[in-house]
Amino acid sequence: MTDRLLKIAETKRQRVKAGVARRRAKEKRFRFYGIASISMAFAFLIVLMTTIVSDGYTAFVTTEIKLTVDLSPETLGIESGETDKKALMQASFRKVLRKAILQEIPVDGRKQKRALYKFLSNGAEYDLRDMVIADPSLIGKTIEYWAQAGDNFNQFNKGNIKASTPEDGRQFKDLQIEWYDELVKEGNVRTVFNKNFFTNGDSRDAELAGIWGATVGSFYTLIVTLALSFPIGVAAAIYLEEFAPRNRATELIEININNLAAVPSIVFGLLGLAVFLNVADLPRSAPVVGGLVLTLMTLPTIIISSRAAIKAVPPSVRDAALGVGASKMQMVLHHVLPLAMPGMLTGTIIGMAQALGETAPLLMIGMVAFVVDIPGGPLDAATALPVQIYLWAENPEKGFVENTSGAIMVLLAFLAFMNACAVIMRKRLERRW
């Protein structure tokens, strides 16, 4: 009898031991799957960031060619002693630059000259013109001027166009490579920081295109979005959480708010196109319309996060405020709202970061237009940074490929900064009960 009981106990012990071993094996497998998934996601992230950085870091530098420029009135095509702005605006600075580069690389024939003139960017003459207008004393002198290089010259100097590629497969031909080598040998080529990328608007020339116009457009769009979505979202959250009666109408509103948070962003673009442009007749491609559309898209996120922040405030705070004679409005404004504000601000920043990266709704309201000028206000025609990336990504030229990756790097930096602000704000202002 004793031996039988011992066998039964030993069998049960073995079964328990085997069960524990199986559970531990499952836990190890689950841990392995989790680590493998995180490692795979991290590897994909590294590959993505490496690809973007390797393609885009060259957008932050550009190439210049040193020329000896004759700024005599005869060469400029103006009267001697004429230095007023109107006359200089009509002067032939393109002729001056072409004469200067022909002095560096003497060539004959219209075809060769045309190939040599492509070494200079279309914007080089305007930069020289602006410099002379700013300092008219340069007229009549011969100066050394670093001219902005054209796109093909620029891309070859950066290594984006390879000399090893067959001549039929590249736009920078063998003869141009010989001229390039001669300029480099003379020390007339340099690589400098590309300020145009950060100070210019869009351009049909890749070396002149910049993100400043799109950045200003995004700024105005986000200002409109923040000015509308934050107060409306916070007010709606306070009403639903503190004042609204619990009935079927309130439940229906809450369900719709939760559903709107999952609606594809392009639907809000269609709504903006139908209401703000076709009915309200607001200006097309204006940041104010983009801000209104993004407000509709961001409101559910802000309302949900604000309600969660209000719920996190302990009931004892409300009871204590009401117990000392505060009205319900005073209780909400003086006690609950200040304690919930960190969570509200965190949700708002995350919502704004989401709005910053949106493209689809802005495409629907016409912010995809080619805009060269920097917008001066929310009613001026503008584009946004993600839309600018979309426009450049459609262009097959090498210069726009690197501009696309460079703009993505800037956009990711903005998004990382905004999310970091949300995390820091939550850590510093968060109170544990």
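Computed from a prediction, not measured in an experiment: that's the story for all the values here.

Colleague: Just give me the short version of the pattern of salt bridges, but keep the residues and values in it.
Modeller: For the structure shown, the criterion picks out 10 salt bridges. Taking the shortest distance from any N to any O, the salt bridge between R94 and E125 comes out at 2.7 Å. Taken as a pair, R94 in helix α4 (residues 93-104) and E125 in helix α6 (residues 124-134) lie far apart in primary sequence, 31 residues in all. Given the relative accessible area of 14%, E125 is considered buried. Residue R307 pairs with E241 through a salt bridge whose shortest N-O separation is 2.9 Å. Taken together, the positions of R307 in helix α13 (residues 287-311) and E241 in helix α10 (residues 212-243) put the pair 66 residues apart, joining distant regions of the chain.

Colleague: Lay out the UniProt feature "transmembrane region" (unreviewed entry) in the protein chain with the relevant residues and their values.
Modeller: Per the UniProt entry, the sites bearing "transmembrane region" (unreviewed entry) are residues 32-53, 219-240, 260-280, 286-310, 331-356 and 406-425 in this numbering. For residues 260-280, helix accounts for 76% and strand for 0%, while the C-alpha atoms at its two ends are 23 Å apart. Its end C-alpha atoms 29 Å apart, residues 406-425 is made of 100% helix and 0% strand.

Colleague: Give me the lowdown on the sheet that holds strand β1 (residues 61-70), citing residues and values where you can.
Modeller: The three strands lie next to each other as β2-β1-β3, forming an open sheet whose pairing is antiparallel. Here the strands that pair on one side only, and so sit at the sheet edges, are β2 (142-148) and β3 (189-193). Averaged over all neighbouring strand pairs, the angle between strand axes comes to 40°, with direction disregarded. Sitting on the sheet, α4 touches β1 and β2, and the angle it makes with β1 is about 90°.

Colleague: Pulling in residues and values, what's your account of helix α17 (residues 385-393)?
Modeller: Most of α17 sits inside the fold, with seven of its nine residues counted as buried. Turning to α17, its buried residues number three or more, namely L385, P386, V387, Q388, I389, L391 and W392.

Colleague: So what about the packing of α10 against α17? Which residues, and what values?
Modeller: Each pair of packed helices gets described by two things: the angle between the helix axes and the distance between those axes. With their axes 8 Å apart at the nearest point, α10 and α17 run at an angle of 145° to one another. For the pair formed by α10 and α17, the contact residues are A214, T215 and S218 on the first element and L385, P386 and Q388 on the second.

Colleague: Give a detailed account of the packing of aromatic side chains, specifying residues and quantitative values.
Modeller: Applying the stated criterion across every chain yields a total of 15 aromatic pairs. Centre to centre, the rings of F60 and F197 are 5.7 Å apart; their planes meet at 70°, and the pair counts as edge-to-face. Here F60, found in the loop between α1 (2-56) and β1, pairs with F197, found in helix α9 (residues 196-199); they are 137 residues apart in sequence, far enough to count as distant. Residue classification places F60 among the buried positions, given a relative accessible area of 19%. An aromatic cluster is built from F60, F193, F197, F198, W392 and F400, whose rings are joined through pairwise contacts.

Colleague: I'd like a rundown of a nonpolar patch on the surface, residues and numbers included.
Modeller: Residues F42, L45, I46, L48, M49, V53, Y57 and L412 make up a contiguous nonpolar surface patch of roughly 710 Å² in combined accessible area. Relative to the assigned elements, F42 resides in helix α1.

Colleague: Quick one: what's the story with helix α5 (residues 110-117), residue by residue and with numbers?
Modeller: Among the residues making up α5, those that are buried are A115, L116 and Y117. On its buried face, α5 sits against α4 and α8 (174-185).

Colleague: Explain the side chain of T250 to me, and be specific about the residues and the numbers.
Modeller: Tracing the sequence through the fold places T250 in helix α11 (residues 248-260). Take T250: its relative accessible area is 6%, and that puts it in the buried class. There is a polar contact of 2.6 Å between the side chain of T250 and the backbone oxygen of P245. Beyond its immediate chain neighbours, meaning those up to four positions away, T250 contacts L240, A244 and P245.

Colleague: Please set out the nonpolar core residue by residue, giving values where relevant.
Modeller: Counting 40 residues, the largest nonpolar core has F197, I211, V289, L362, I365 and W392 as its most contacted members. Elements with a contribution of two residues or more to this core: α10, α12 (265-279), α13, α15 (328-356), α17 and α18 (398-429). When neighbours within four sequence positions are excluded, W392 is seen to be in contact with F197, D202, A209, G210, I211, F400, N403, T404 and A407. Counting 38 residues, the second-largest nonpolar core is a separate cluster that includes L67, A91, I101 and I105.

Calculation rules
- Residues numbered from 1 in each chain as written.
- Predicted model: local features only at pLDDT ≥ 70, side-chain atom pairs only at ≥ 80, totals over all residues.
- Heavy atoms only, no water.
- Salt bridge = Lys/Arg side-chain N within 4 Å of Asp/Glu carboxyl O.
- Helix = DSSP H or I, 4+ residues; strand = E, 2+ residues; numbered from the N terminus.
- Buried < 20%, exposed > 50% of the residue type's maximum accessible area, 1.4 Å probe, protein only.
- UniProt positions renumbered as here; feature names shortened; annotations may be inferred.
- Pairing = 2+ DSSP bridges.
- Axes fitted to C-alpha atoms, helices over the stretch in contact; angles between N-to-C directions.
- Contact = heavy atoms within 4.5 Å.
- Phe/Tyr/Trp six-rings, centres within 6.5 Å; stacked < 30°, edge-to-face > 60°.
- Patch = residues over 30% accessible without salt bridge, like charges linked within 9 Å, V, L, I, M, F, W, Y side chains within 5 Å.
- Areas by Shrake-Rupley, 256 points an atom, 1.4 Å probe, with all protein chains shown as cover.
- Polar contact = N/O pair within 3.5 Å; in protein donor to acceptor, adjacent residues only side chain to side chain.
- Core = buried A, V, L, I, M, F, W, Y, C linked by side-chain atoms within 4.5 Å.

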